[in-house]
Amino acid sequence: MCGIVGIVSSQKNNVVSGLIEGLRRLEYRGYDSSGVAIISENKLLRRRKAGKLVNLEADLKESPVSGNTGIAHTRWATHGIPNDQNAHPHMTDQVAIVHNGIIENYHLLKDQLLEKGVQFTSETDTEVVLHLVNQHLEQGLSPFESVKKTLSVVRGAFAIAMLFRDYPNLLIAARSGPPLAIGYGKEEMYIGSDAVALSHLTQQVTFLEDGDIAVLENSGVKIYNLEGKRVERKIQQSKVGTSSIDKEGFEHFMLKEIHEQPDVIRRTLSEYFNITHTGLHFRPLPFALENVSRLTIVACGTAFYAGMVAKYWFENIARIPVELDIASEFRYRQPPMPKDGISLFISQSGETADTLAAQAYVKSQGQPSLGIINVANSSLARAVDVTFLTQAGPEIGVASTKAFTTQLCVLAVLALAFAQARKTISQEDLTQYCKDLAQLPLLIEQTLLLKKDIAEIARSLLEVNNVLYIGRGPSYPLALEGALKLKEISYIHAEGFAAGELKHGPIALIEESVPTVAIAPYDSLFEKTVSNIQEILSRRGPIVLLSDEKGHSLFTSQAIKRIILPTTSSLIAPMVYAIPTQLLAYYTAVYKGTDVDQPRNLAKSVTVE
Ligand code: AGP
């Protein structure tokens, strides 16, 4: 999604470098153009370029701008192709704006403005906000009143920051949907899409609430709510250290984050375990677990696949019925919510528009909602009744890795807590499960040692156009997640199937040029998967087998490429088997030369639907 940075300063002669560094820290969100606008000697100056930040930096080198109040933007195109003309900031001679989100009624507003003779210079929806504010300014309203009046007619999800030629010590920001943070400096103030964007400037941040309008001067900020009343918003210590946005010697953020998994899993589990790992400790929940009639799990993408794995655990271990759906369907399906049901929303960013909308629906139905979230101050964390934080730290690579495995850890602990409360598990079994989870970081460390073997197999995928992934039980969602990882960063088409579904159609795809990755720990379903693998081999389909020693020993065929994983208990197998699927996708993408951390067309946080 788009990224916003703003600085109003009395200290610095030129804030451009601070703005550009902020954009650099927002690159992980994905973008296709960037730009800055500065007030300089009572003029608004702008530089903007399609493509990566280096293009803007080259342009600034060629024709520099300087000033101590400015805004900057990385754009992920929604309306209008990624080119210089559509790049933000958008400007009139007296106002500049940057925007993240979608103005849903922009057609109507644009038609009204065109009728008044307004000239549009881009295909973006953003320009309607610019020209409405500009009109109000020309009618004599103050910048604040002009913005407030404009936002009263604008519908949609947006975060904006605006600059005014005649007010060099002023920035105005507004939020209705995508997040915005205000940063506090020494005689200067900042605006950023998140704390990461401001982490080179300050650790003191305030997160705007929906409907807030912030008026910043270099001495401080005044925040107003929807009704135009002054409000105080908490100043928080941002937890984003500079290390979290540094590759620390790894070639890509994704590889760094794959290797962080043992540590962040240790950190996440320690939130919910006592040190002897024999029991769970949970803060009180606003409902009795034993009375819950059904659990509804809603998420998107990788987070959804984590929920899909957890469905097996909640149903098999805690004996609680689970309904599961992707948020973009759930929010419009609007299903009846059962009495005594609760809902669980899983999201790394806590800003995914569809997941937020799904949670709002559940809330409107009077159901309590839980969140498994990686960003503490996110919109979803503020919306749910109880948040279970994953301690993965900022996940910069667009392809989710450490967030996925820490989500699985929290889900496993929740399933055990439900089972304990519902008395569907003995103390002995609970202790064993806790010990299994406690062993997980070590098993992942062992699995990471296989990366050379996995990289070798990745080379064999470079020339293929299609890859299938199969699994049974909790390995089925892993097959879907493995396929998502490969397709989203290597651009090779990949599809996951329940192994048992092969004979119902997908087996028609099997041929020598279509490898199948079989995710098959030696568990109660392994024998069933063996027959699927045999069916593929007998049709000369190449197999990449992810299993443990015992599983591999049952296959003698030389045609199989093997990744021999540590023996694991069934509960933690999904977290361990996720690692080779992440590494396989990573090395394939590296060998293909794609943009591993910021794959084409993708954004880290999908804040618009
Ligand atoms: C995962 O690799 C993708 N980047 C994507 O599917 C992601 O999981 C999805 O957009 C959900 O994001 P969230 O967890 O921040 O809600």
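Scope of this entry: the structure provided in the associated data block. This is a predicted model, so every value here is computed, not measured.

### Observations regarding the overall build of the protein chain
- Helices and strands together make up the secondary structure of the protein chain, namely 19 helices and 25 strands.
- Its C-alpha atoms give the protein chain a radius of gyration of 26 Å, near enough to 25 Å, the size a compact globule of 609 residues would have.
- Dimensions of the protein chain along its principal axes, counting C-alpha atoms only, are 80 × 55 × 45 Å.
- Each of the 609 residues in the protein chain was classed as buried or not, and the buried ones make up 61%.
- Long-range contacts, defined here as pairs at least 24 residues apart, represent 71% of the contacts in the protein chain between residues at least 6 apart.
- Of the roughly 23,400 Å² of accessible surface on the protein chain, 50% is carried by carbon and sulfur atoms.

### Observations regarding the nonpolar core
- With 97 residues, the main nonpolar core has Trp313, Phe314, Leu344, Leu437 and Tyr469 as its most contacted residues.
- For this core, the element with the most residues is helix H13 (residues 402-421), which contributes 13 residues.
- Residue contacts for Leu344: discarding those within four places in its chain leaves Leu295, Thr296, Ile297, Val298, Phe314, Leu370, Gly371, Ile372, Leu411 and Leu414.
- With 30 residues, the next largest nonpolar core counts Leu26, Leu56, Ala181 and Phe207 among its residues.

### Examining the packing of aromatic side chains
- Taken as a whole and judged by the stated rule, the model has 9 aromatic pairs.
- Residues Phe330 and Tyr361 carry aromatic rings whose centres are separated by 5.9 Å and whose planes lie at 70° to one another, so their mutual orientation is edge-to-face. Taken together, the residues Phe330 in helix H10 (residues 327-333) and Tyr361 in helix H11 (residues 353-364) connect sequence positions 31 residues apart.
- The exposure class assigned to Tyr361 is buried, which follows from its relative accessible area of 10%.

### So, the sheet that holds strand S8 (residues 171-176)
- The 7 strands lie next to each other as S5-S6-S7-S8-S12-S13-S14, forming an open sheet whose pairing is antiparallel. Pairing within the sheet leaves two strands with one partner each, and these edge strands are strand S5 (90-91) and strand S14 (230-231).
- Sheet topology note: the strand S13 (residues 220-224)/S14 ladder contains 2 bridges and is antiparallel. When the bridges of S14 are listed, Tyr224 appears paired with Arg230.

### Observations concerning the site of the ligand
- Around the ligand, a shell composed of 15 residues is seen, among which Ser347, Gln348, Ser349, Thr352 and Glu488 lie nearest.
- Between the ligand and the protein, one listed contact pairs an oxygen atom with a backbone N or O atom of Thr302 at 3.1 Å.
- Taking Lys485, its side chain carries an N or O atom lying 2.9 Å from an oxygen atom of the ligand.
- Grouping the constituent residues of the shell around the ligand by class yields 6 nonpolar, 7 polar and 2 charged.

### Overview of the sheet that holds strand S1 (residues 3-9)
- Taken together, the 8 strands give an open sheet; going across it, the order is S3-S2-S4-S1-S10-S9-S11-S15, and neighbouring strands pair in antiparallel fashion. One side of each edge strand has no neighbouring strand; the edge strands of this open sheet are strand S3 (43-50) and strand S15 (236-237).
- Alignment of S1 against strand S10 (residues 188-192), held across 5 bridges, turns out to be antiparallel. Pairing of Val5 across the sheet is with Gly192, part of S10.
- Contacting S1, strand S2 (33-40) and strand S4 (69-75), helix H1 (residues 16-26) crosses the sheet at an angle of about 155° to S1.
- Helix H2 (residues 53-62) contacts S2 and S3 of the sheet and is inclined by roughly 135° relative to S3.

### As for the pattern of salt bridges
- Tallied over the entire structure, the rule returns 25 salt bridges.
- Between Arg382 and Glu209 there is a salt bridge; the shortest N-O distance is 3.5 Å. Taken as a pair, Arg382 in helix H12 (residues 379-383) and Glu209 in the loop between strand S11 (204-207) and strand S12 (213-217) lie far apart in primary sequence, 173 residues in all.
- You can call Arg382 partly exposed: its relative accessible area is 33%.
- Residue Glu209 is classed as partly exposed on the basis of its relative accessible area of 27%.
- By sharing partners, the salt bridges in this structure join Glu21, Arg24, Arg25 and Glu57 into a single network.

### Thoughts on the pairing of strand S22 (residues 493-498)
- With 6 bridges joining them, strand S21 (residues 466-471) and S22 adopt parallel strand pairing. Bridge assignment links Leu468 to a residue of S22, and that residue is Glu495.
- With helix H16 (residues 475-490) bridging S21 and its parallel neighbour S22, the resulting β-α-β unit is right-handed.

### A closer look at the side chain of Thr401
- Looking at the element boundaries, Thr401 is found in the loop between strand S20 (386-389) and H13.
- By relative accessible area, which is 0% here, Thr401 ends up buried.
- Discounting chain neighbours no more than four positions away, the residues touching Thr401 are Met254, Glu257, Ile258, Gln261, Glu395 and Gln582.

### Topic: H16
- For H16, which comprises 16 residues, the first-to-last C-alpha distance of 22 Å matches the rise-based estimate of 22 Å (1.5 Å per residue) to within 8%.
- Here H16 lies mainly inside the structure; 14 of its 16 residues are buried.
- At the exit of H16 stands Tyr491, carrying a positive phi of roughly 70°.

### Some details on the pairing of strand S17 (residues 322-326)
- Burial of S17 is extensive: 4 of the 5 residues sit out of reach of the surface.
- With helix H9 (residues 301-316) bridging strand S16 (residues 294-299) and its parallel neighbour S17, the resulting β-α-β unit is right-handed.

### Re the environment of Gln534
- Secondary-structure assignment places Gln534 in helix H17 (residues 526-537).
- Separated by 21 residues in the primary sequence, Gln534 and Phe555 place their C-alpha atoms 9.3 Å from one another.

### Regarding the packing of helix H8 (residues 261-270) against H13
- The contact between H8 and H13 brings their axes to 10 Å, and the two run at 30°. It follows from the interaxial angle that H8 and H13 lie roughly parallel. Crossing of H8 against H13: the hand is right-handed. Between H8 and H13, the contacting residues are Gln261, Val264, Ile265, Thr268 and Leu269 on the first element and Lys402, Thr405, Thr406, Cys409, Val410 and Val413 on the second.

### A short note on H17
- With 12 residues, H17 extends 16 Å between its outermost C-alpha atoms, agreeing within 8% with the 16 Å of an ideal straight helix rising 1.5 Å per residue.
- Turning to H17, its buried residues number three or more, namely Phe526, Thr529, Val530, Asn532, Ile533, Glu535, Ile536 and Leu537.

Reading the values: the criteria
Residues numbered from 1 in each chain as written. Predicted model: local features only at pLDDT ≥ 70, side-chain atom pairs only at ≥ 80, totals over all residues. Heavy atoms only, no water. Helix = DSSP H or I, 4+ residues; strand = E, 2+ residues; numbered from the N terminus. Rg over C-alpha atoms; globule rule 2.2 N^0.38 Å. Buried < 20%, exposed > 50% of the residue type's maximum accessible area, 1.4 Å probe, protein only. Contact = heavy atoms within 4.5 Å. Areas by Shrake-Rupley, 256 points an atom, 1.4 Å probe, with all protein chains shown as cover. Core = buried A, V, L, I, M, F, W, Y, C linked by side-chain atoms within 4.5 Å. Phe/Tyr/Trp six-rings, centres within 6.5 Å; stacked < 30°, edge-to-face > 60°. Pairing = 2+ DSSP bridges. Near = heavy atom within 4 Å. Polar contact = N/O pair within 3.5 Å; in protein donor to acceptor, adjacent residues only side chain to side chain. Nonpolar A, V, L, I, M, F, W, Y, C, P; charged D, E, K, R; others polar. Axes fitted to C-alpha atoms, helices over the stretch in contact; angles between N-to-C directions. Salt bridge = Lys/Arg side-chain N within 4 Å of Asp/Glu carboxyl O. Right-handed = clockwise from strand over helix to strand, strands pointing away. Expected span 1.5 Å × (residues − 1). Parallel < 35°, antiparallel > 145°, perpendicular 65-115°, else oblique. Left-handed = near helix turned anticlockwise from the far one by under 90°.

Purely geometric numbers; function is a separate question.
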